[in-house]
Amino acid sequence: MATAPFELMTTGEMKDLCSAAFQAVPSDLPRWLAKQWLCQKGRIGEEITKIFLAGPFPDINWQLTCEKLGMKAEAEAISKLVLPPANPATWWVPMVEGVTSNRVVAGMRNLGVDYGLFDEDLDAAVPTHDRDPKNGSYVVGFRRTIEADEENANKSVIQLAEQKHAGITLPERLWLGAGFFVATGQHLDTKKITLCSGSRFVRGFVPYVSFSLDSRQVYVYWFSPGFSRGDLRSRSVQFPLP
């Protein structure tokens, strides 16, 4: 499966969305409240943009993902896990032994996805993770968004650690990206960057993952633990209820 071309909506589709937004304005809105909103037109646009970019996004079929990536043993292991009920706001990600950065990249390359890596042996280069399926299978959840969590913008790994933040690992991010690709033919992090705050490069640096619409590559590189900026964001972990 090659990456599907990134297509913009048609003029007709844009008109339909504008019509839907127009119809959502309450006809009985109090005049004083209407004036308040008219003084904040920029905020109206920001909120509408957030709604459109927040989905809805499809469920991820992990058995199909394993099949497409040639991971038969992992598919069998996942079939034995009990995943939480589907949640329109959360993607549940099953992590089992064998789901490693190298395996995911190799499987995705077989599907025609191009990668730009700071090291071809990611398993050796990034050996430390807050959670690792080689120590036992587990399930984690992440918000159903293309871009990483906005509330984690401008926060370095050092700052996140001080807040006792539980963040995504590199294998989890690559696996989530693979599942999303199999489901949609598209990629996560096309405008922002996921900081994999739950993993460490051998020299203590922190890996990140993003997708370039220009080069059509998934990039895996690193930043220092103290570095932060607005487009660099960790994805917060959600754990299933016991």
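Bear in mind that the values here come from a model prediction, so they are computed numbers and not experimental data.

K.L.:
Just give me the short version of the environment of proline 171, but keep the residues and values in it.
P.N.:
With respect to the helices and strands, proline 171 occurs in helix α9 (residues 170-184). Relative accessible area serves as the criterion here: at 7%, proline 171 is assigned to the buried category. Separated by 136 residues in the primary sequence, proline 171 and lysine 35 place their C-alpha atoms 49 Å from one another.

K.L.:
Run through the pattern of salt bridges, naming residues and quoting values.
P.N.:
Within the structure shown, the criterion is met by nine salt bridges. Note that aspartate 189 and arginine 173 form a salt bridge whose closest N and O atoms lie 2.8 Å from each other. Here arginine 173 lies in helix α9 and aspartate 189 lies in the loop between α9 and β5 (193-195), a separation of 16 residues in the sequence. Like aspartate 189, the residue arginine 173 is buried in the burial classification. Connected through shared salt-bridge partners, Arg173, Asp189 and Arg235 make up one network.

K.L.:
Give a detailed account of the sheet that holds β5, specifying residues and quantitative values.
P.N.:
Strand order in the open sheet formed by five strands is β2-β8-β7-β5-β9, and the pairing between neighbours is mixed. The strands lining the two open edges of the sheet, one partner per strand, are β2 (114-117) and β9 (232-234). Going across the sheet, the axis of each strand differs from the next one's by a mean of 25°, ignoring polarity. Sheet topology note: the β5/strand β7 (residues 206-212) ladder contains two bridges and is antiparallel. Bridge pairing in β7 places threonine 194 opposite valine 209.

Calculation notes
- Residues numbered from 1 in each chain as written.
- Predicted model: local features only at pLDDT ≥ 70, side-chain atom pairs only at ≥ 80, totals over all residues.
- Heavy atoms only, no water.
- Helix = DSSP H or I, 4+ residues; strand = E, 2+ residues; numbered from the N terminus.
- Buried < 20%, exposed > 50% of the residue type's maximum accessible area, 1.4 Å probe, protein only.
- Salt bridge = Lys/Arg side-chain N within 4 Å of Asp/Glu carboxyl O.
- Pairing = 2+ DSSP bridges.
- Axes fitted to C-alpha atoms, helices over the stretch in contact; angles between N-to-C directions.

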